[in-house]
Amino acid sequence: MANGQWYPPEWPDRIRALAAGTLTPVAPKRAATVMLLKDTDSGTAVHMLRRRASMAFAGGAYAYPGGGVDPRDDDQQVRWAGPTRAWWAERLGVDETAAQAIVCAAVRETYEEAGVLLAGRAHDSVVGDTTGADWEADRAALVARDLSFAQFLDRRGLVLRSDLLGAWTRWITPEFEARRYDTWFFVAALPEGQRTRNASTEADRTVWIAPREAADGYDKGELLMMPPTIATLRQLTAYETAAGALDAAQGRDLTPVLATARLVEGRIVLSWPGHDEFTKHIPTGGATA
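Just so you know, these numbers come straight off a predicted model, no measurement behind them. The residue count restarts for each chain, going from 1 along the sequence in the order it is written. In keeping with the predicted nature of the model, local features appear solely for residues at pLDDT of at least 70, side-chain atom pairs appear and are counted solely at 80 or more, and the whole-chain, interface and lining totals rest on all residues. Derived side-chain values reflect all non-hydrogen atoms in the structure, with water molecules and hydrogen atoms excluded from consideration.

1. Quick notes on the sheet that holds strand β13 (residues 267–272)
Sheet architecture is open: three strands sit in the order β12-β13-β14, paired in antiparallel fashion. Strands at the two margins of the open sheet, each flanked by one partner only, are β12 (260–264) and β14 (275–283). Each strand of the sheet is rotated relative to its neighbour by a mean of 25°, with strand direction disregarded. Along the sheet, helix α1 (residues 11–20) makes contact with β12, β13 and β14, crossing β13 at roughly 100°. Pairing between two strands is assigned when DSSP locates at least 2 bridges connecting them. Labels follow the DSSP assignment, with helices taken as runs of H or I lasting at least four residues and strands as runs of E lasting at least two, numbered in each case from the N terminus. Interaxial angles span 0 to 180 degrees and are taken between N-to-C directions of axes, which are lines fitted to C-alpha atoms, for helices over the stretch in contact. Pairs of residues are marked as contacts when any of their non-hydrogen atoms sit within 4.5 Å.

Here you go:
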């Protein structure tokens, strides 16, 4: 039975074009995504959304809240709690300006797409319910990019709680993909008093689901996912609490995972280092195996 690996039909042609030197890779854009966790009676659950089938990229696939970095988050320092920007720069493998922007993207996208805000009035607090009309107006302005995240925090008198995030892994979209992202994956626990909702225009469904249950759905071909999503779900199955996953994040290797394609005996072999389950063998005619 086929699993739920998302595989664009145009990839074989693009891989061959890259190998032939007729395709120039686009530069990946910085992005962040957050695996939002909560504890339940049966163990840890993760918040996932299903991308609308009409989406050009990974339509119908299950994913986590996330998106690209807003360049404005490079420019203005935000109120900040937790590890310093220098600490985050070393952890993420970037400079301090980029580190702030990536962490801001993680917190902003979680708010934009799930309605959950990792920020508080002070360095040791987190806001409560964010479902009111005034909060929704600010969230909509963030989505429309009428309001920068730094402006939003200033307007609300909020401090970004970087200590509520744990950097988990980093994946870079393959060179042959038309839409490329350099994405840092984070884990975070759902703050007390807040609740998730489907606030994303890109998703038609959201769900809290046990990582093992989601992985089983993928294995049965019932849930469509991209390689980074199912890979991180399998990793999360080892932790029975959100706190356990956050603790484990401190020692996670953030060496980027980048798919490679090579020609072996007339077949294209597509592989993700360290993740053998995603390997694809593509005959020169284009069919996959």
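Having seen the model, we can carry on.
2. Some points on the pairing of β12
Relative to β13, β12 is paired through five bridges, and the arrangement is antiparallel. Bridging from a neighbouring strand, Val264 pairs with Arg267 of β13. Here β12 folds back onto β13, and the loop between the two strands holds two residues, one of which, Glu265, carries a positive phi near 50°.

3. Description of the pattern of salt bridges
Opposite charge on two side chains allows them to pair when their charged atoms are near. Each salt bridge in this description consists of a side-chain nitrogen of Lys or Arg and a carboxyl oxygen of Asp or Glu lying within 4 Å of one another. In this structure the tally under the stated criterion is 18 salt bridges. Two residues, Arg145 and Glu109, come together in a salt bridge whose shortest N-O distance is 3.5 Å. Of this pair, Arg145 sits in the loop between α5 (133–143) and α6 (149–156) while Glu109 sits in helix α4 (residues 96–114), and the two are 36 residues apart along the sequence. Per-residue accessibility, obtained with a 1.4 Å probe over protein chains only, is compared with the maximum for each type, and a residue is labelled buried under 20%, exposed over 50%, and partly exposed between these values. For Arg145, a relative accessible area of 31% puts it in the partly exposed group. The buried category is assigned to Glu109, whose relative accessible area is 5%. Between Asp138 and Arg156 there is a salt bridge, and its shortest N-O distance comes to 3.0 Å. With Asp138 in helix α5 and Arg156 in helix α6, this pair connects stretches of sequence that are 18 residues apart. For Asp138, a relative accessible area of 6% gives the class buried. Since its relative accessible area comes to 14%, Arg156 is described here as buried.

4. A few points about the sheet that holds strand β5 (residues 80–81)
What the three strands build is an open sheet, ordered β5-β7-β6; its pairing is mixed. Two strands in the sheet have a free side with no partner beyond their single neighbour: β5 and β6 (119–120). Note that β5 and strand β7 (residues 159–161) share two bridges and pair parallel. When the bridges of β7 are listed, Ala81 appears paired with Arg161.

5. Here we look at the packing of aromatic side chains
Two aromatic rings from Phe, Tyr or Trp, using only the six-membered ring of Trp, form a pair when their centres are within 6.5 Å; if the ring planes differ by under 30 degrees the pair is stacked, by over 60 it is edge-to-face, and anything between is tilted. A complete count under the given rule lists nine aromatic pairs for this structure. Taken together, a centroid distance of 6.4 Å and an interplanar angle of 80° make the contact between Tyr111 and Trp135 edge-to-face. Of this pair, Tyr111 sits in helix α4 while Trp135 sits in helix α5; the two residues are 24 residues apart in sequence, bridging distant segments of the chain. Exposure class is identical for Tyr111 and Trp135. Each is buried. Joined through ring pairs, the aromatic side chains of Tyr111, Trp135, Phe149 and Phe152 make up one cluster.

6. Details of the side chain of Arg108
One can find Arg108 in helix α4. A polar atom in the side chain of Arg108 sits 3.0 Å from the side chain of Glu109. What qualifies as a polar contact is a pair of N or O atoms within 3.5 Å, subject to a donor-acceptor requirement within protein and to the restriction that residues adjacent in sequence count only when both atoms come from side chains.

7. Points about the environment of Lys220
You can see Lys220 is positioned in the loop between α7 (211–219) and α8 (227–236). Looking at Lys220, the relative accessible area reads 48%, which means it is partly exposed. Residues Lys220 and Asp70, 150 residues apart in the sequence, show an inter-C-alpha distance of 37 Å.

8. Remarks on the nonpolar core
Soluble globular proteins tend to pack their nonpolar side chains together in the buried interior. Core analysis: the largest hydrophobic core is formed by 39 residues, its most contacted members being Leu92, Leu117, Phe152, Leu165 and Phe186. With nine residues, α4 is the largest single contributor of residues to this core. Residue contacts for Leu117: discarding those within four places in its chain leaves Val107, Tyr111, Val126, Val127, Thr130, Trp135, Phe149, Phe152, Leu158, Pro191 and Gln194. Buried Ala, Val, Leu, Ile, Met, Phe, Trp, Tyr and Cys residues that are joined via side-chain atoms within 4.5 Å together make up what is termed a nonpolar core. In this structure, Tyr62, Ile230, Leu236 and Ala249 belong to the second largest nonpolar core, which totals 37 residues.

9. Comments concerning the packing of α5 against α6
Angle between the axes and distance between the axes are the two parameters that describe a pair of packed helices. Two elements in contact, α5 and α6, have axes whose closest approach is 10 Å; the angle formed by their N-to-C orientations is 160°. If you check the angle between α5 and α6, you find them roughly antiparallel. The interaxial crossing formed by α5 with α6 has right-handed handedness. Along its contact with α5, which presents Asp134, Trp135, Asp138 and Leu142, the element α6 presents Phe149, Phe152, Arg155 and Arg156. A breakdown of the residues in the contact of α5 with α6 according to their chemical character gives four nonpolar, no polar and four charged. Angle categories are assigned with fixed cut-offs, so that under 35 degrees is roughly parallel, over 145 is roughly antiparallel, 65 to 115 is roughly perpendicular, and the rest are oblique. Crossing handedness is read from the near helix: turned anticlockwise from the far helix by less than a right angle, it gives a left-handed crossing, and turned clockwise, a right-handed one. The classification used treats Ala, Val, Leu, Ile, Met, Phe, Trp, Tyr, Cys and Pro as nonpolar, Asp, Glu, Lys and Arg as charged, and all other residues, Gly among them, as polar.

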